[in-house]
Amino acid sequence: MTTLLLILNLMTMTHELPKLPYALDALAPQISEETMLYHYGKHHKAYVDNLNRLIDGTRWQNATLEEIVLGADGAIFNNAAQAWNHTFFFLSLSPDPKSVPTGALAEAIDRDFGSFESFKETMGKAAAGQFGSGWAWLVQDKDGKLSVVAESNAGNPMTRGLKPLLNIDVWEHAYYIDYRNRRPDFIQAVWDRVDWKTVEKRFGEK
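Residues numbered from 1 in each chain as written. Predicted model: local features only at pLDDT ≥ 70, side-chain atom pairs only at ≥ 80, totals over all residues. Heavy atoms only, no water.

1. A word on the pattern of salt bridges
At step 1: The final tally for this structure, using the stated rule, is eight salt bridges.
At step 2: In this structure, the salt-bridge partner of Arg-160 is Glu-151, at a minimum N-O distance of 2.7 Å.
At step 3: Note on Arg-160: relative accessible area 48%, which makes it partly exposed.
At step 4: A salt bridge links Arg-182 to Asp-185, with the shortest nitrogen-to-oxygen separation between them at 2.9 Å.
At step 5: Arg-182 gets classed as partly exposed once you look at its relative accessible area, which sits at 39%.
At step 6: Classification of Asp-185 as partly exposed rests on a relative accessible area of 39%.
At step 7: Because the salt bridges share partners, they merge into one network encompassing Arg-111, Asp-112 and Lys-145. (Salt bridge = Lys/Arg side-chain N within 4 Å of Asp/Glu carboxyl O. Buried < 20%, exposed > 50% of the residue type's maximum accessible area, 1.4 Å probe, protein only.)

2. Quick word on the packing of helix H5 (residues 103-113) against helix H9 (residues 196-204)
At step 1: Contact pair H5 / H9: the axes reach a minimum separation of 9 Å and the direction vectors enclose 85°. One way to sum up the angle between H5 and H9 is to call them roughly perpendicular. Taken together, the residues of H9 that come into contact with H5 (itself represented by Ala-104, Leu-105, Ala-108 and Ile-109) are Trp-196, Val-199, Glu-200 and Phe-203.
At step 2: Partitioned by chemical class, the residues of the contact of H5 with H9 number seven nonpolar, no polar and one charged. (Axes fitted to C-alpha atoms, helices over the stretch in contact; angles between N-to-C directions. Helix = DSSP H or I, 4+ residues; strand = E, 2+ residues; numbered from the N terminus. Parallel < 35°, antiparallel > 145°, perpendicular 65-115°, else oblique. Contact = heavy atoms within 4.5 Å. Nonpolar A, V, L, I, M, F, W, Y, C, P; charged D, E, K, R; others polar.)

3. Notes on helix H6 (residues 116-129)
At step 1: Over its 14 residues, H6 runs 20 Å from end to end, which matches the ideal 20 Å to within 8%, given 1.5 Å per residue.
At step 2: Among the residues of H6, those classed as buried are Phe-116, Phe-119, Lys-120, Met-123, Gly-124, Ala-126 and Ala-127. Seen end-on, H6 carries its buried residues on one side only, within an arc spanning 160°. Set apart from the buried face of H6 by more than 90 degrees, the exposed residues are Glu-117, Lys-125 and Gly-129. (Expected span 1.5 Å × (residues − 1). Arc of directions from axis to C-beta.)

4. Re the nonpolar core
At step 1: One finds Phe-119, Phe-186 and Trp-196 to be the most contacted residues of the largest nonpolar core, which totals 62 residues.
At step 2: Tallying contributions element by element places helix H4 (residues 74-90) first for this core, with nine residues.
At step 3: Contacts of Phe-186, omitting those with residues within four sequence positions, involve Ile-31, Phe-89, Ile-168, Asp-169, Ala-174, Tyr-175 and Tyr-179. (Core = buried A, V, L, I, M, F, W, Y, C linked by side-chain atoms within 4.5 Å.)

5. A closer look at H4
At step 1: Spanning 17 residues, H4 covers 24 Å between terminal C-alpha atoms, matching the ideal 24 Å at 1.5 Å per step.
At step 2: Of all 17 residues in H4, 14 are buried, a share of seventy percent or more.

Spelled out as structure tokens, the structure:
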């Protein structure tokens, strides 16, 4: 083994907090700057930092975030999945979003939910009804069918062979500063920041 390969094998992949494509105050009033400072700047960062610490010296030290989510368990899975879930959530939002889906995604939503409003009602109920901490997800199965699933804690539908398209974070740290215990109000407000251009792009990816 060459010296270079030895050095590469000893290196640990460092996962980083992703840079957001908008300022921390850009999602207000639906999501305040204060919430983003805690949700993104502290909670999300803590998951990334914890993951880097936990994978050091393990079989996961050079794995991608998705590989860890799909293969790990325990604390490593929890922190990797939360890092992945939060990145996915924050990148689903925009200060200037496309407010409704169009094209192939809109047709799939109408086919599988009846209408866009019916889809929002279904996903809103899944998010509001999640007992304790967790997530609501719009997903696509291997046959192309769309559905809504709820996952508790750090759950991620990729572990069940489902393709994530959109998620809503219903851990209390996502909304308590702005909405206190009014989770349904937070869920309703989030729709005003979901960027369907991003969701459409995910839908179209193989």
